[in-house]
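Summary of the model geometry
The primary structure of each chain is shown beneath.
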Amino acid sequence: MRIDILTLFPEMFESPLSHSILKRTQETGIVDIVLTNIRDFATDNYRKVDDKPYGGGPGMVMMPGPVFDCFEYVEKLSPEKGRVILLTPQGQKFNQAKSVELSAEKRLVLIAGKYEGFDERIRTGLGAEQISIGDYVLSGGELAAMIIIDAVVRLLAGALGDEDSPKDDSFSAGLLEYPQYTRPEVFRGMKVPDILLSGDHGKIAQWRRRQAIERTKKWRPDLLGDNKKE
Ligand code: ADE
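Residues numbered from 1 in each chain as written. Predicted model: local features only at pLDDT ≥ 70, side-chain atom pairs only at ≥ 80, totals over all residues. Heavy atoms only, no water.

**Observations concerning helix H7 (residues 201-219)**
- Over its 19 residues, H7 extends 26 Å from the first C-alpha to the last, a length consistent with the 27 Å expected when each residue adds 1.5 Å.
- Those residues of H7 lying buried are Ile204, Trp207, Ala212, Ile213 and Thr216. (Helix = DSSP H or I, 4+ residues; strand = E, 2+ residues; numbered from the N terminus. Expected span 1.5 Å × (residues − 1). Buried < 20%, exposed > 50% of the residue type's maximum accessible area, 1.4 Å probe, protein only.)

**Concerning the sheet that holds strand S6 (residues 107-112)**
- Across the sheet, 5 strands lie side by side as S2-S1-S6-S5-S7; this open sheet has parallel pairing. Each edge of the sheet is formed by a strand with only one pairing partner; in this case those strands are strand S2 (32-37) and strand S7 (129-132). Averaged over all adjacent pairs, the angle separating strand axes in this sheet is 30°, with direction ignored.
- Taken together, the 5 bridges between strand S5 (residues 83-93) and S7 define a ladder with parallel strand orientation. Each bridged residue has a counterpart across the sheet, and for Gln92 the counterpart in S7 is Ile131. (Pairing = 2+ DSSP bridges. Axes fitted to C-alpha atoms, helices over the stretch in contact; angles between N-to-C directions.)

**A word on the site of the ligand**
- Residues in contact with the ligand amount to 13 residues; listed here are only the nearest, Thr88, Ile133, Gly134, Tyr136 and Leu138.
- A distance of 3.2 Å separates a nitrogen atom of the ligand from a polar backbone atom of Thr88.
- Leu138 is positioned with one of its backbone polar atoms (N or O) 3.0 Å from a nitrogen atom of the ligand.
- When the ligand is considered free in solution it has 260 Å² of accessible area, and contact with the protein chains removes 96% of it. (Near = heavy atom within 4 Å. Polar contact = N/O pair within 3.5 Å; in protein donor to acceptor, adjacent residues only side chain to side chain. Areas by Shrake-Rupley, 256 points an atom, 1.4 Å probe, with all protein chains shown as cover.)

**What to know about unusual backbone geometry**
- Here the residue pair Arg183 and Pro184 is connected by a cis peptide bond, since its omega of 5° sits within 30 degrees of zero.
- If you check the backbone angles, Ser20 has positive phi at about 55° while not being a glycine.
- Judged by its relative accessible area of 52%, Ser20 is exposed.
- Positive phi, normally seen in glycine, also occurs at Arg188, with a value near 45°.
- Structurally, the position occupied by Arg188 is in the loop between strand S8 (186-187) and strand S9 (190-191).

Next comes the structure, spelled out in structure tokens:
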């Protein structure tokens, strides 16, 4: 997969992209992540990328010119068309299902804005879909882009050590994950449930499913559709 990120702050991505799974998947060629600075496409001497909103109001709005020029440059860097995504609190809320959907794409083009928002013509003119990572306002789309990249890239084939592991993740089956334990068997008087030491894989699977359902009912009942209320 190729991921292009259009941003005013490419340096913000340096640390998240240079550790753990995101580092490894880039090194092994599972993903190619390319950062392009929107400010490089400003046309005036001050490298201006935002301006006051028409009609008045607080804050500054991202100008369409530099974003369009940046996008048209990035678009030509690869023959794959790519799915164009604008990070904004107005977007459709990101979740695991969206993450799985995006992980099937060959190319993503993420546009992160700063300031109070984008000139509307950026969304309409680029035919971009909008994604929000939650009902709160961040100071820019960069952190949202990083979250989406992290959630998507770990789903790519070969990204995790064990190919099967994403399927047991919380939300993959619409449920929270079952409780996990590792050594020691007893820690400060707290014991690992006997069932997990029994070696009976059928019973363990049953127990885990029941636990996942119980926890979801208790902590995230909003996730349970009618068919999962067991
Ligand atoms: N930019 C600012 N707030 C955001 C949010 N909640 N999700 C995505 N991008 C954003």
